[in-house]
Amino acid sequence: MSLQPILTFLKSKESILFNAVVAILTVGGQQLFSFFAFSCPCSPSKNLNYGLAFLGVPALVLLVVGFVFNDNTWRLLMGSSHSHAVQERSRQSTIMKYKLICFVIGNITGRAMVAPITWLAVTLLNGSYYVCALSEYADVEQYDILRSLTEAERRRFLAQFPCAQFVPANLTRVKDEVVLQLKYQSQVAGWILVAVVTISIFITLCIARCCSPLTFLHLKYWTSYVNNEQILFEQATDQHSKIYALLNIKKFFGFSPGSKNIKEIRVPSRWDWRMISGLDLLKTIDDEHCHYSLLHQWADLDPADGKLIHIDVENSPGSDSLS
């Protein structure tokens with residue numbers, strides 16, 4: 001049975017599969033995070049900060065990570081900062097350009113939002129963080145046993161409700177009812193979030209498709225072309241950079257790695273070693289060229305040939321591996 005149809009189908013659903021994998025990993029991470037890291041302090045004023053931190057900070061981190069690890073983010077930023085008009089654009093061409101930029105921004109934002117929204121939805125449906133954060137603010141006016149307490153005493157007792165071991169025996173039933181009420185509120189908020197996000201995604205997709213300057217099939221072709229171009233470009237980049245680096249290495253040592261029948265080697269001078277030692281940073285030469293490394297800079301200086309040593313191929317070390 002040929003796997004090509006399956007691979008083609010998976011390729012066409014790459015975005016959906018990616019988002020699904022991110023969501024599953026986020027759910028698993030949230031469960032592990034809750035089990036190993038979350039421990040409500042059960043103290044007035046601390047519960048709210050602790051619960052909201054566990055609810056919001058990971059979501060914010062996941063959002064930033066989603067933007068950072070999306071190559072299109074940097075393509076958009078770096079491309080916009082370095083691009084210049086090669087030729088004057090028509091008004092229609094400019095409008096299409098900005099429509100496509102908006103489409104790309106929407107795609108980047110949509111992918112970045114998958115993980116944080118999943119985190120928020122799962123944590124709200126779980127309810128533990130919400131119970132910890134808002135336990136001291138629960139409405140308990142209907143309970144006579146707490147009505148006679150002062151505001152400070154009531155908040156102190158309510159803050160202890162997420163920690164069953166701290167709750168007095170006469171408040172166990174009240175604690176169970178309050179925790180259930182808070183979990184109910186949290187889960188309702190979680191489902192509302194899921195519903196709002198689902199409807200928002202649907203409306204956004206409809207608007208994006210209606211405003212797209214491309215037809216349905218043209219958009220699919222464009223997406224396929226961009227993906228294939230990126231794959232081929234990365235392959236060519238890898239091969240080109242290896243060949244370019246090989247030229248500079250050969251100039252430094254006098255031979256290329258893996259060469260057979262090496263007849264002479266070059267002995268780098270102390271100046272050569274000083275030139276290529278240090279931190280490799282990109283160095284701009286002019287408007288069109290730059291040095292990618294210290295070895296690249298050394299090779300471009302066109303140094304003297306230096307000391308060459310002729311070797312006996314048959315008796316040289318490693319000749320067996322080279323032959």
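Before reading on, note that the structure itself is shown above.
Residues numbered from 1 in each chain as written. Predicted model: local features only at pLDDT ≥ 70, side-chain atom pairs only at ≥ 80, totals over all residues. Heavy atoms only, no water.

Time to look at unusual backbone geometry. For Cys42, which is not a glycine, the phi torsion comes out positive at approximately 55°. Mapped onto the secondary structure, Cys42 falls in the loop between helix H2 (14–36) and helix H3 (46–68). We classify Cys42 as buried; its relative accessible area is 7%. In this structure, Ser45 is a non-glycine residue whose phi angle is positive, near 70°. With respect to the secondary-structure elements, Ser45 resides in the loop between H2 and H3. Accessibility expressed as a relative area gives 44% for Ser45, which makes it partly exposed. (Helix = DSSP H or I, 4+ residues; strand = E, 2+ residues; numbered from the N terminus. Buried < 20%, exposed > 50% of the residue type's maximum accessible area, 1.4 Å probe, protein only.)

Taken as a whole, this structure holds two disulfides when the rule is applied. Each disulfide pairs two cysteine sulfurs, and for Cys40 the partner residue is Cys132, the sulfurs being separated by 2.1 Å. Judged by the sign of its S-S torsion, about 85°, the bond between Cys40 and Cys132 is right-handed. Within this pair, whereas Cys40 is found in the loop between H2 and H3, its partner Cys132 is found in helix H6 (residues 128–134), the two being separated by 92 residues in sequence. Looking at Cys40, the relative accessible area reads 13%, which means it is buried. Put simply, Cys42 and Cys163 are joined by a disulfide, and their sulfur atoms are 1.6 Å apart. Between Cys42 and Cys163, the disulfide has an S-S torsion of 80° and is therefore right-handed. Taken together, the residues Cys42 in the loop between H2 and H3 and Cys163 in the loop between helix H8 (151–159) and helix H9 (172–211) connect sequence positions 121 residues apart. The thiol sulfur of Cys206 is not disulfide-bonded, and the nearest other cysteine sulfur, from Cys210, lies at 6.4 Å. (Disulfide = S-S within 2.5 Å.)

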